[in-house]
Amino acid sequence: MKNIAIFGSTGSIGQNTLEVIRGLKNQFRVVALTANSNIELLYRQIKSFRPSVVCVKDRQLARSLRRRLGSSDLNILVGEIGLEELAGYKGIDQIVMAISGSGALKPLLSAIENCKTIALANKEALVMAGALIMQRACVKKARIIPVDSEQSAIWQCLEGEDKSRVRSIYLTASGGPFFNTPKEKLKHVSVAKVLEHPRWRMGKKISVDSATLINKGLELLEAMYLFDISAQKIKVLIHPQAIVHSMVEFVDGVVMAELSATDMRIPIQYALSYPKRLLSKLKPLDFYKLKELDFRPPDFVKFPCLRLAYQVAEEGGTAPSVLNAADEVAVAEFLKGKIAFLGIPKLIEKVLSRHRNKNNPGLSDIFLADRWAREESAAILEKGVK
Ligand code: NDP
Ligand code: MG
């Protein structure tokens, strides 16, 4: 029995993780759950999975959760400090880090300092502080197992291989909802259209990121840090069927790929069960029905966010944190209807152009760059993104 803590259990990855665990009850026990503010769903998850500790955003939410639970010896922690404390709990064997956005960085670092095994879904923390995270994880011998389907694929293809023998990594992308939409038509796309991803059901932030293709840019940075491979070797490949989750080409011309159904429960289950492979109840891929697997190059002009991500990957330093923070602000503004879809890359590019990069940043430099990018974004938004 592995004791599992799910950080961000009320989100898309969090709920999928609970579904995987429900199907494998004799293998995993849920000991901790966290939500930001959705205590309605957290309450139902507590009733179903009976964790011994949870964490919510603030004291007010903790009080109303306590009231709903009545007499219960559940331990309720609050805020970022609560998340950091929880990451060090002795009774946790493995943490699933499924909090979205930069809010995952501090609890992730705490999990590493406490030598936990981490199934990492969150990508923003790696983008912000990838070098530092991987260095601390190495020192602390904290194992990081990727959950993001592309990273899980690359990680499986690299298992037992000599990384110096890698020629290229092909990071596949479904292309998002606007793969076939002409650039002129992207001016007036609605929030609802942006959230209609053709292949995956996900949280709002990552759905918008998939439509601008910055999600693939974030994954480029994620892969660069996770596998210690230069960005020049990582090639984005549009693959609309989303069956090949990424590929690794070696110097001898051999290409290894991971193929599976388009269902996050597959990489989540493997991140939990590793190194074992457990029986899955999901429908297997039917190769007799799969008519074609297409691959195309990405359009860097239609999707400037991808170009910006490569630029930032080359620059390193604090530039990735700035890209990430500007994107978080831009996506939030877009979801509120305050900026147009094409305003997202415009805002990110403008903020990046004003940034003075700092190489080999420490954690405080990274947080400073993050705050600066948010303030700069706000200042630009006040005047309007053109
Ligand atoms: P969701 O928006 O669906 O869920 C986010 C979760 O994090 C919720 O539980 C939310 O709580 C919680 N949360 C959000 N902000 C904070 C914060 N500041 N502090 C504490 N908790 C917080 O996101 P997804 O599940 O889609 O994605 C999670 C992460 O996994 C992202 O980084 C994403 O890029 C990555 N990922 C997601 C995939 C997917 O298929 N969804 C695929 C690959 C990677 P509440 O519900 O209370 O707001
Ligand atoms: Mg992905």
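All values derive from a computational prediction rather than experimental measurement.

### Points about the overall build of the chain
Step number 1: If you tally the helices and strands in the chain, you get 15 helices and 11 strands.
Step number 2: The globule rule puts the C-alpha radius of gyration for 386 residues at 21 Å, and the 20 Å found for the chain is close to it.
Step number 3: If one aligns the C-alpha atoms of the chain with their principal axes, the spans along those axes are about 60 × 55 × 40 Å.
Step number 4: Taking the contacts inside the chain whose residues are at least 6 apart along the sequence as the reference set, 68% of them involve residues at least 24 apart.
Step number 5: Surface exposure of the chain reaches about 17,800 Å², of which carbon and sulfur atoms provide 51%.
Step number 6: Counting 56 positive and 40 negative side-chain charges, the chain places the centres of these two groups 5 Å from one another.

### As for the site of ligand 1
Step number 1: Among the 23 residues in the neighbourhood of ligand 1, the closest are listed as Thr10, Ile13, Ser37, Asn38 and Glu124.
Step number 2: Between ligand 1 and Ile13 there is a distance of 2.9 Å, counted from an oxygen atom to a backbone nitrogen or oxygen.
Step number 3: Within the backbone of Gly203, one N or O atom sits 2.9 Å away from an oxygen atom of ligand 1.
Step number 4: Relative to its unbound accessible surface of 900 Å², ligand 1 loses 83% to contact with the protein.

### Some remarks on the sheet that holds strand S10 (residues 244–250)
By definition, the strands of a sheet pair up through backbone hydrogen bonds, in either a parallel or an antiparallel sense.
Step number 1: Ordered by their spatial adjacency, 4 strands build an open sheet running S9-S8-S10-S11, and the pairing between neighbours is mixed. Single-partner strands in this sheet number two, and they are strand S9 (234–238) and strand S11 (255–259). The average angle at which neighbouring strand axes cross in this sheet is 20 degrees, direction not considered.
Step number 2: With respect to the sheet, helix H7 (residues 149–158) is in contact with strand S8 (166–173), S10 and S11, its orientation differing from that of S10 by roughly 35 degrees.

### Focus on the coordination of the magnesium ion (ligand 2)
Step number 1: Within the first shell, the magnesium ion (ligand 2) binds the protein through Asp148 (OD), Glu150 (OE) and Glu219 (OE), at distances of 2.1 to 2.2 Å.
Step number 2: Written as a sequence motif, the donor residues of the magnesium ion (ligand 2) are D-x1-E-x68-E.

### Things to note about a nonpolar patch on the surface
Step number 1: There is a patch of nonpolar side chains on the surface, built from Leu259, Phe287, Leu293 and Phe295 and spanning about 340 Å² of accessible area.
Step number 2: Relative to the elements of secondary structure, Leu293 occurs in the loop between helix H11 (265–273) and helix H12 (304–315).
Step number 3: Under the relative-accessibility criterion, Leu293 is labelled partly exposed at 32%.

### Re the packing of H12 against helix H13 (residues 319–335)
Step number 1: Close contact between H12 and H13 brings their axes to 8 Å; oriented N to C, the two are set at 150 degrees. Taken together, H12 and H13 sit at an angle that is classed as roughly antiparallel. Counting all contacts with H12, which are made through Leu308, Ala309, Val312 and Glu315, the residues of H13 involved are Ala319, Pro320 and Leu323.
Step number 2: Here the residues of the contact of H12 with H13 are counted per class, giving 6 nonpolar, no polar and 1 charged.

### A closer look at the environment of Arg68
Step number 1: Mapped onto the fold, Arg68 is located in helix H3 (residues 59–69).
Step number 2: Of the residues examined, Arg68 reaches a relative accessible area of 39% and is grouped as partly exposed.
Step number 3: If sequence neighbours within four positions are ignored, Arg68 has contacts with Glu40 and Tyr43.

### Some words on the side chain of Glu222
Step number 1: Summarising the element assignment, Glu222 is placed in helix H10 (residues 214–227).
Step number 2: Non-local contacts of Glu222, meaning those with residues more than four positions away in its chain, are made with Ala121, Asn122, Lys123, Leu126, Asp148 and Gln151.

### Looking at the environment of Arg307
Step number 1: Looking at the secondary structure, you find Arg307 in helix H12.
Step number 2: Separated by 78 residues in the primary sequence, Arg307 and Val385 have C-alpha atoms spaced 19 Å apart.
Step number 3: Here Arg307 is in contact with Phe300 and Glu349, once residues within four sequence places are set aside.

### Regarding the nonpolar core
Soluble globular proteins tend to pack their nonpolar side chains together in the buried interior.
Step number 1: Among the nonpolar cores identified, the biggest contains 131 residues, and Phe7, Leu65, Met97, Ile133, Leu323, Phe341 and Ile348 are the most heavily contacted of them.
Step number 2: Here Leu323 is in contact with Ile214, Leu218, Leu221, Leu308, Ala309, Val312, Ile348 and Leu352, once residues within four sequence places are set aside.

### Digging into the pairing of strand S4 (residues 75–78)
Step number 1: Of the pairings in the sheet, the one linking strand S3 (residues 53–56) to S4 comprises 4 bridges and is parallel in character. Within S4, the residue paired with Val53 across the bridge is Asn75.
Step number 2: In the classification by handedness, the crossover that spans S3, the intervening H3 and the parallel S4 is right-handed.

Definitions and cut-offs
Residues numbered from 1 in each chain as written. Chains lettered and ligands numbered in written order. Predicted model: local features only at pLDDT ≥ 70, side-chain atom pairs only at ≥ 80, totals over all residues. Heavy atoms only, no water. Helix = DSSP H or I, 4+ residues; strand = E, 2+ residues; numbered from the N terminus. Rg over C-alpha atoms; globule rule 2.2 N^0.38 Å. Contact = heavy atoms within 4.5 Å. Areas by Shrake-Rupley, 256 points an atom, 1.4 Å probe, with all protein chains shown as cover. Lys, Arg positive; Asp, Glu negative; His and termini not counted. Charge placed at Lys NZ, Arg CZ, Asp CG, Glu CD. Near = heavy atom within 4 Å. Polar contact = N/O pair within 3.5 Å; in protein donor to acceptor, adjacent residues only side chain to side chain. Pairing = 2+ DSSP bridges. Axes fitted to C-alpha atoms, helices over the stretch in contact; angles between N-to-C directions. Donors = N, O, S within 2.8 Å, 3.2 Å for Na, K, Ca; no water. Patch = residues over 30% accessible without salt bridge, like charges linked within 9 Å, V, L, I, M, F, W, Y side chains within 5 Å. Salt bridge = Lys/Arg side-chain N within 4 Å of Asp/Glu carboxyl O. Buried < 20%, exposed > 50% of the residue type's maximum accessible area, 1.4 Å probe, protein only. Parallel < 35°, antiparallel > 145°, perpendicular 65-115°, else oblique. Nonpolar A, V, L, I, M, F, W, Y, C, P; charged D, E, K, R; others polar. Core = buried A, V, L, I, M, F, W, Y, C linked by side-chain atoms within 4.5 Å. Right-handed = clockwise from strand over helix to strand, strands pointing away.

In short, shape yes, function no, at least from these values alone.
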